[in-house]
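Descriptive structure summary
So the chains spell out like this:
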Amino acid sequence: MNLNDIARQYGCSVFSPGMNPAIPAKDISPLSQRQKSQVKIASSLRGAIQRSGLRDGMTISFHHHFRNGDFVINMVLDELQRMGFKDLYLAASSLNEIHEPIIGYIQSGLIRQIDTSGCRGRLAEAISAGIMDNPVIFRSHGGRAAAIADGRLKIDVAFLGAPSCDSFGNANGYTREGSGKTICGSLGYARMDAQYAKHVIIITDNIVNYPNVPFGINQRYVDQIVVVDSIGDPEKIMSGATRFTKKPQDLLIAQKAASVIVKSGYFYDGFSLQTGSGGSSLAVTRFLRQYMIDQNVKASFAMGGITGAMVALHEEGLIKRLLDVQSFDLDAANSLKNNRFHQQIDADYYANPFKTGSVVNQLDVVVLSALEVDVDFNVNVLTGSDGVIMGAIGGHPDTAAGAALSIIVCPLLRGRIPSILKHVNTIVTPGCDVDVVVTDQGIAVNPRRPDVEKALRDNHMELTDIHKLQAMAESLTGEPESLEWGPRTVALVTYRDGSLIDIIKSISQGEDLV
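Residues numbered from 1 in each chain as written. Predicted model: local features only at pLDDT ≥ 70, side-chain atom pairs only at ≥ 80, totals over all residues. Heavy atoms only, no water.

Section: the overall build of the protein
Secondary structure summary: the protein contains 17 helices and 24 strands in total. The C-alpha atoms of the protein give 25 Å as radius of gyration, which agrees with the globular expectation for 514 residues (24 Å, within 12%). Along the three orthogonal principal directions, the C-alpha set of the protein runs to about 85 × 55 × 50 Å. Taking as baseline every contact in the protein between residues at least 6 positions apart, the subset at least 24 positions apart corresponds to 72%. For the protein, the exposed surface amounts to about 21600 Å²; the carbon and sulfur share of it is 50%. Put simply, the protein has 48 plus and 54 minus side-chain charges, and the middle of one group is 6 Å from the middle of the other. (Helix = DSSP H or I, 4+ residues; strand = E, 2+ residues; numbered from the N terminus. Rg over C-alpha atoms; globule rule 2.2 N^0.38 Å. Contact = heavy atoms within 4.5 Å. Areas by Shrake-Rupley, 256 points an atom, 1.4 Å probe, with all protein chains shown as cover. Lys, Arg positive; Asp, Glu negative; His and termini not counted. Charge placed at Lys NZ, Arg CZ, Asp CG, Glu CD.)

Given below as structure tokens:
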């Protein structure tokens, strides 16, 4: 039998040079010349949008690694407005104060729906006042990753800012060629968008030599690259080392939380942890360090949003590995660049609730902050005592559910406002996922965790009932006045599996906030 007969038998074709037009022809020009002629680099943002196939009603996405220094979202939406787009679905991993111009884009009809993890500033106030016809959908970081991966959140065009990118599309949150204009460290939340969006546009102010490795986003996911003068304000994208709080109240809470960890049964050589980036939760790291040194305990890994405090413990040999979905300061970003065992991870790897391999499920301990906690251990991190949206879900419910021991830290009072209530304004993390609440006035263990209560009492820790904490707060401030909610539902709060856990209503004084 000849090749043609065998090919017919096995349902394939016989090789012939150049027969498959889907395979690019061999390029014999030098790499330096090929880089200059790459079609991925668009002539302008408008040109990239036109080539992307974006149409009215489609979904666009962005990441929030540039925090309050981000220029990309406003830049892109401004161009889309001038091009006449309407009814777009905005899926951003989170939104900050700098994104106030979105108010105008909602009013003009450019944006009809927002899907995000958090929202702050005037935009959040306007949403709370009922500016949108459709309620905002709030998702956790793990919930967003799952929704993208399983197709519930379909992204048509992703616009992803990157501090460095080569001409083929390998993008990163830092550069190894000089200092670069900006640095953000991990691109963990952007990686999901890059992998699943139908069309991916990298926006950068720093084209570097090929290959830009190690990369946060690799070239096979990238369709186009737009080079702009600036993607953000470096001082607002990334600060220096995150500073420890000096507030006595925060330090007292942190010290108590560290003691809970050490005496809980989950403090052993090789344990794993995640702590927050500010206030008491960050300060826990400082107190934990001394316990680790004194008892010769090392952590196998720390993860989540990484700070300079975690980097210091890693470089001291107290934490063996860092898994970084978001770098919170320059020390963390530079560590990701320079330390071999500081690794960048994406939100799917971090916290997808439908994957048993998600790293949140490998956590021994997580320490999380809260705006409000109620007597059923439900936690609110999204709305203030006035009912106005002011925060973000982030990975709060993901890590609380995944960790063997979830610890919530908050003061009993903030000024004259109680943090421990009969009922929180908005449930973000359900009480079934919360194990211990630590305040400056006492420590309460969830009745669902008698094992933790026993371990702490056996180690001579003084505990109290959460109802007593609530009563103490109320005795000092009086019973909080009930909020006067408006008639409209302005936001849907989803749990990590996509189910609806709460809603946010408009506020009665909302007209003053628009």
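Brief notes about the domain arrangement of the protein
By domain assignment, the protein separates into domain 1 (38–237) and domain 2 (248–480). The gap between the C-alpha centroids of domain 1 and domain 2 is 29 Å. Contact with domain 1, which involves 39 residues of that partner, is made by 33 residues of domain 2. Interface of domain 1 and domain 2: buried area, both sides summed, is about 2600 Å²; carbon and sulfur atoms make up 58% of it. Counting the contacts that link domain 1 with domain 2 gives zero salt bridges. The interface formed by domain 1 and domain 2 contains 19 residue pairs in polar contact (both at pLDDT 80 or more). For the side of domain 1 that touches domain 2, the secondary structure elements donating two or more residues are α6 (121–128), α7 (141–149) and α8 (188–196). Among the elements that line the side of domain 1 that touches domain 2, the one with the most residues is α7, at six residues. (Domains from an automatic or database assignment. Buried area = accessible area lost by both parts, 1.4 Å probe. Salt bridge = Lys/Arg side-chain N within 4 Å of Asp/Glu carboxyl O. Polar contact = N/O pair within 3.5 Å; in protein donor to acceptor, adjacent residues only side chain to side chain.)

Description of the sheet that holds strand β3 (residues 111–116)
Read from one edge to the other, the open sheet built from nine strands follows the order β9-β8-β5-β1-β2-β3-β4-β23-β24, with strand pairing classed as mixed. Both outer strands of the open sheet, β9 (224–227) and β24 (500–507), are each paired with one neighbouring strand and no more. Going across the sheet, the axis of each strand differs from the next one's by a mean of 25°, ignoring polarity. Judged from the six bridges that link them, strand β5 (residues 157–162) and strand β8 (residues 199–204) form a sheet pairing that is parallel. By the bridge assignment, Ala162 is partnered in β8 with Thr204. In this fold α6 packs onto β3, β4 (136–138), β23 (485–494) and β24, with an angle of close to 90° to the strand it touches most, β24. Strands β1 (59–62), β5 and β8 of the sheet are contacted by α8, whose axis makes an angle of about 145° with β5. (Pairing = 2+ DSSP bridges. Axes fitted to C-alpha atoms, helices over the stretch in contact; angles between N-to-C directions.)

As for the packing of aromatic side chains
Overall, the coordinates contain three aromatic pairs when judged by the stated rule. Consider the rings of Phe62 and Phe159, whose centres lie 5.7 Å apart with planes at 15°: the pair is stacked. Taken together, the positions of Phe62 in strand β1 and Phe159 in strand β5 put the pair 97 residues apart, joining distant regions of the chain. Accessibility expressed as a relative area gives 1% for Phe62, which makes it buried. Residues Phe168 and Tyr210 carry aromatic rings whose centres are separated by 4.5 Å and whose planes lie at 50° to one another, so their mutual orientation is tilted. Taken as a pair, Phe168 in the loop between β6 (164–165) and β7 (171–172) and Tyr210 in the loop between β8 and β9 lie far apart in primary sequence, 42 residues in all. (Phe/Tyr/Trp six-rings, centres within 6.5 Å; stacked < 30°, edge-to-face > 60°. Buried < 20%, exposed > 50% of the residue type's maximum accessible area, 1.4 Å probe, protein only.)

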